[in-house]
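Notes for the structure review
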Amino acid sequence: MENVLRSRRVVTPGGVRPACVAVEGGRIAAVLPYDTAPPPGTPVTDLGDDVLMPGLVDTHVHVNDPGRSAWEGFGTATLAAAAGGVTTLVDMPLNSLPPTTTPAALDVKRAAARGRVHVDTGFWGGAVPGNEKELRPLHDAGVFGFKAFLSPSGVDEFPPLDPAGLDAVATRLAAFDGLLIVHAEDPGRLARAPQPAGPGYAGFLASRPPAAEEAAIGTLLETVRRRGVRAHVLHLSSSGALPALAAARAEGLPVTVETCPHFLTLTAEEVPDGATEFKCCPPIREAANRDALWAALADGTLACVVSDHSPCTADLKVPDFGTAWGGISSLQLGLPAVWTEARRRGHTLTDLARWMSAGPAALAGLRAKGAIEPGRDADFAVLAPDETFTVDPAALHHRNPVTAYAGRTLHGVVRSTWLRGRQITDHGTPLTGPTGRLLERT
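Cut-offs applied
Residues numbered from 1 in each chain as written. Predicted model: local features only at pLDDT ≥ 70, side-chain atom pairs only at ≥ 80, totals over all residues. Heavy atoms only, no water. Helix = DSSP H or I, 4+ residues; strand = E, 2+ residues; numbered from the N terminus. Rg over C-alpha atoms; globule rule 2.2 N^0.38 Å. Buried < 20%, exposed > 50% of the residue type's maximum accessible area, 1.4 Å probe, protein only. Areas by Shrake-Rupley, 256 points an atom, 1.4 Å probe, with all protein chains shown as cover. Lys, Arg positive; Asp, Glu negative; His and termini not counted. Charge placed at Lys NZ, Arg CZ, Asp CG, Glu CD. Contact = heavy atoms within 4.5 Å. Salt bridge = Lys/Arg side-chain N within 4 Å of Asp/Glu carboxyl O. Phe/Tyr/Trp six-rings, centres within 6.5 Å; stacked < 30°, edge-to-face > 60°. Pairing = 2+ DSSP bridges. Axes fitted to C-alpha atoms, helices over the stretch in contact; angles between N-to-C directions. Core = buried A, V, L, I, M, F, W, Y, C linked by side-chain atoms within 4.5 Å. Arc of directions from axis to C-beta.

**Digging into the overall build of the chain**
A count of helical and extended segments in the chain gives 12 helices and 18 strands. Radius of gyration (C-alpha) of the chain: 21 Å, near the 22 Å computed for a compact globule of 442 residues. Projected onto its principal axes, the C-alpha positions of the chain cover 70 × 45 × 45 Å. Across the 442 residues in the chain, those meeting the buried criterion constitute 61%. As displayed, the chain offers around 15,300 Å² of accessible surface, 53% of which is attributable to carbon and sulfur atoms. Within the chain, one finds 40 positive and 47 negative side-chain charges whose respective centroids are separated by 4 Å.

Okay, structure coming up:
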């Protein structure tokens with residue numbers, strides 16, 4: 001054994017229990033009874049009552065590097081991830097320049113990340129009009145799947161797929177069992193909605209109606225039914241789409257769904273005028289909608305909770321919901337934000353690990369990640385679940401100090417983060433240089 005971590009509360013797939021976790025070769029060698037005596041000379045870290053949980057896996061992160069590294073970057077994003085208990089992330093293919101829509105662009109992105117990541121990092125590819133022939137080469141180069149938009153993405157270099165394009169991409173991906181991940185909002189419904197302007201949040205909310213999500217998800221489900229492609233719905237906001245998604249799951253369609261911390265913890269009713277740090281697409285909706293999303297997490301309709309960390313420079317968050325950049329910065333705060341609301345609703349640490357570690361790892365096929373059990377990577381977050389802190393944007397490792405959680409008091413202090421058995425942060429402070437690896441789909 002290289003080392004042993006001991007805690008009275010270890011979150012395993014079978015529940016929370018006292019245990020010793022033995023590490024060898026960067027992997028979990030055994031999960032042993034709490035009072036097991038390690039071999040003489042083996043270093044032991046006794047965590048007491050602090051919770052040892054699997055490191056989080058965040059499969060929805062916009063690092064924006066290269067090309068828009070003033071918005072974020074591999075160094076800052078992965079350090080923020082590590083400080084927040086995230087040990088693996090998968091980077092989205094857009095907002096960087098070039099977007100990850102060809103193997104050559106993937107090489108550029110990997111070159112930008114190499115030697116700079118504090119946590120293990122993988123990459124999604126992009127599916128855009130005209131790149132169907134690039135999909136299999138990207139798959140063979142190791143991307144975890146392919147992101148597509150059904151409505152404008154916000155950046156011209158990553159255009160959306162129309163229904164014919166979606167069908168063509170689905171057909172191509174189904175031929176090699178590729179995974180399609182989709183931003184599902186219907187462009188026609190968005191075009192017919194009132195256009196947002198000014199500081200009031202109600203106008204912005206009306207511009208992204210639930211019907212836009214529901215219609216686009218309906219289109220996607222029909223495509224899955226027709227072509228047999230594996231598909232995943234990104235950042236579900238509208239609870240109105242849940243019945244169709246639950247029915248698809250019951251039918252056996254290969255469709256999974258995620259939601260995000262901001263949809264589970266924030267509500268439209270509390271967004272102040274001009275507070276565009278709350279702007280994202282699809283939008284934060286009303287409290288009743290939030291309750292329905294929690295119910296869907298409980299019944300398994302929603303498979304995972306991931307950040308959709310989509311930062312920008314502070315000057316782009318002008319106090320006008322019509323023109324401000326849309327995106328929530330939350331990579332470092334997802335764990336305490338979700339735990340704060342989960343504990344209030346009676347959910348457990350086991351639930352938290354399933355939603356934020358095991359679920360995202362399963363989505364991306366990361367078999368070595370997402371759980372504390374023998375054979376997995378020794379990736380851990382050490383959490384003090386009953387302690388609180390108040391969010392100070394200036395104390396975050398995100399490149400730009402903008403977050404919708406500013407001033408909020410959250411439960412759950414991340415004491416430390418461990419990557420392959422080695423401690424990499426202590427109360428958010430890095431203890432090592434960038435030791436993360438670049439991951440490929442296997």
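From this point on, the discussion continues.
**Things to note about the environment of Ala246**
Relative to the elements of secondary structure, Ala246 occurs in helix α8 (residues 242-251). In this structure the C-alpha to C-alpha distance between Ala246 and Leu302, which are 56 residues apart in sequence, comes to 9.0 Å.

**Examining the side chain of Thr276**
Relative to the assigned elements, Thr276 resides in the loop between α9 (261-265) and α10 (287-299). Among the residues examined, Thr276 registers a relative accessible area of 0% and is labelled buried. Not counting the four nearest positions on each side in its chain, Thr276 is found in contact with Lys317, Val318, Pro319, Asp320, Phe321, Ala324 and Trp325.

**Describing the pattern of salt bridges**
By the definition in use, this model includes 27 salt bridges. Two residues, Asp167 and Arg227, come together in a salt bridge whose shortest N-O distance is 2.9 Å. One end of the pair, Asp167, is in helix α4 (residues 163-175); the other, Arg227, is in helix α7 (residues 210-227), with 60 residues separating them in the sequence. What makes Asp167 buried here is its relative accessible area of 16%. Overall, Arg227 belongs to the partly exposed group, its relative accessible area being 36%. Across the pair Glu222 and Arg225 runs a salt bridge whose closest N-O atoms are separated by 2.5 Å. One end of the pair, Glu222, and the other, Arg225, are both in helix α7, three residues apart, so they sit about a helical turn from each other. Judged by its relative accessible area of 37%, Arg225 is partly exposed.

**Looking at the packing of aromatic side chains**
Scanning all chains against the criterion turns up eight aromatic pairs. Between Phe146 and Phe176, the aromatic rings sit 6.4 Å apart at their centres with planes inclined by 75°, giving edge-to-face as the arrangement. Residue Phe146 is located in strand β10 (residues 146-149), and its partner Phe176 is located in the loop between α4 and β11 (179-183); the two are separated by 30 residues in the primary sequence. Residues Phe146 and Phe176 agree in their burial class; the two are buried. Consider the rings of Tyr201 and Phe321, whose centres lie 5.4 Å apart with planes at 75°: the pair is edge-to-face. Placement of Tyr201 in helix α6 (residues 201-207) and of Phe321 in the loop between β14 (304-305) and α11 (334-344) is noted, with a sequence separation of 120 residues between them.

**Re the sheet that holds strand β6 (residues 56-61)**
Reading across the sheet, the three strands line up as β6-β7-β8 and stay open at both edges, with parallel pairing between neighbours. Each of the sheet's edge strands pairs with one partner strand only, and the pair in question is β6 and β8 (120-123). When the angles between neighbouring strand axes are averaged without regard to direction, this sheet yields 20°. The pairing of β6 with strand β7 (residues 86-91) spans four bridges and is parallel. Directly across from Asp58, in β7, lies its bridge partner Leu89.

**Quick look at the nonpolar core**
With 93 residues, the main nonpolar core has Met53, Leu180, Leu236 and Leu245 as its most contacted residues. When neighbours within four sequence positions are excluded, Leu180 is seen to be in contact with Phe146, Ala148, Leu166, Val169, Leu173, Leu220, Val229, Arg230, Ala231 and His232. One finds Trp71, Val90, Val128 and Phe158 within the second-largest nonpolar core, a separate group that totals 21 residues.

**Things to note about helix α3 (residues 132-140)**
Regarding α3, the residues found buried are Glu132, Leu135, Leu138 and His139. An end-on view of α3 places all buried positions within 100° of arc, on one side of the element. Seen from the buried face of α3, the exposed residues on the opposite side, beyond 90 degrees, are Lys133 and Asp140. On its buried side, α3 packs onto α2 (103-113), β9 (125-126), β10 and α4. Positioned one or two residues after α3, Gly142 has a phi angle of 110°, which is positive.

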